Amino acid sequence: MGEEGVRAGIPRSYYSMGVGAVQMAESYGLRGNKALCSRWAKKSVQTWECFFRVDSKWFNSYLFYAKALGLLGQTSRMDAALAKAKRIAGPSLSLNACEAVRSEVRRIAIALSV
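Sequence order as written defines residue numbering, which begins from 1 separately in each chain. Only residues with pLDDT of at least 70 get local features here, since the model is predicted, and only at 80 or more are side-chain atom pairs given and counted; chain-wide, interface and lining totals rely on the full set of residues. To obtain the side-chain values, all non-hydrogen atoms of the structure were included, while hydrogens and water were left out.

Trainee: Got a minute to help me understand the packing of helix α2 (residues 14-30) against helix α6 (residues 95-113) in this structure?
Mentor: The description of two helices packed together rests on the angle between their axes and the distance between the axes. Axis geometry follows a simple rule: fit a line to the C-alpha atoms, using only the stretch in contact for helices, then measure angles between N-to-C directions, giving values from 0 to 180 degrees. In this description a helix means any DSSP run of H or I spanning at least four residues, a strand means any run of E spanning at least two, and both kinds are numbered starting from the N terminus. Between α2 and α6, the least distance of the axes is 8 Å, while the angle of their chain directions is 45°. As far as their axial angle goes, α6 and α2 are oblique. Contacts between α2 and α6 involve Glu26, Gly29 and Leu30 from the first element and Arg107, Ile108, Ala111 and Leu112 from the second. Class assignment for the residues of the contact of α2 with α6 results in 4 nonpolar, 1 polar and 2 charged. Orientation categories follow fixed angle ranges, with anything under 35 degrees roughly parallel, anything over 145 roughly antiparallel, 65 to 115 roughly perpendicular, and all other angles oblique. Pairs of residues are marked as contacts when any of their non-hydrogen atoms sit within 4.5 Å. The residue classification treats Ala, Val, Leu, Ile, Met, Phe, Trp, Tyr, Cys and Pro as nonpolar and Asp, Glu, Lys and Arg as charged. All others, Gly included, are polar.

In structure tokens form, the structure reads like this:
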């Protein structure tokens, strides 16, 4: 998930790590495994925060970051990340993309509450 790239001195590999970690969190969340969902979401948040030191202007990264924050129940931080994605992307980012993140977080939250 990008770890090899980071170890090799390719800091943009944090992007792959962040995407992979949030996908793992989503997968565990949909299966109702709250502990592993939270563990992977935390890893994703940490990884995105490393990535933002490399490139804080790539809007798409904030969508994945927002999802990880949402999975941790940090909705105000999720909303702030979505707002930042929108500011960076400008008109090219539809409101549907932000709503899709919120919808996915709600869907996972339902799976975790069953």
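Trainee: Even after reading the chapter, I still don't get the packing of aromatic side chains, so can you show me in this structure?
Mentor: When we look at a pair of aromatic rings, we describe it by the centre distance and by the angle of the planes. Here is the rule: rings of Phe, Tyr and Trp (six-membered ring for Trp) pair when centre to centre is within 6.5 Å. Planes less than 30 degrees apart are stacked, more than 60 are edge-to-face, and the remainder are tilted. Applying the stated criterion to the full structure yields 11 aromatic pairs. Residues Tyr15 and Phe64 carry aromatic rings whose centres are separated by 6.2 Å and whose planes lie at 85° to one another, so their mutual orientation is edge-to-face. Taken as a pair, Tyr15 in helix α2 and Phe64 in helix α4 (residues 59-71) lie far apart in primary sequence, 49 residues in all. Measuring from centroid to centroid gives 6.2 Å for Phe51 and Phe52, while their planes differ by 65°, and the two rings are edge-to-face. Take Phe51: its relative accessible area is 0%, and that puts it in the buried class. Residue Phe52 is classed as buried on the basis of its relative accessible area, which comes to 14%. Ring-pair connections join several aromatic residues into one group, and the members of that group are Tyr15, Trp48, Phe51, Phe52, Tyr62, Phe64 and Tyr65. Each residue is assigned to one of three classes by its accessible area relative to the maximum for its type, calculated with a 1.4 Å probe on protein chains only: buried under 20%, partly exposed between the two thresholds, exposed over 50%.

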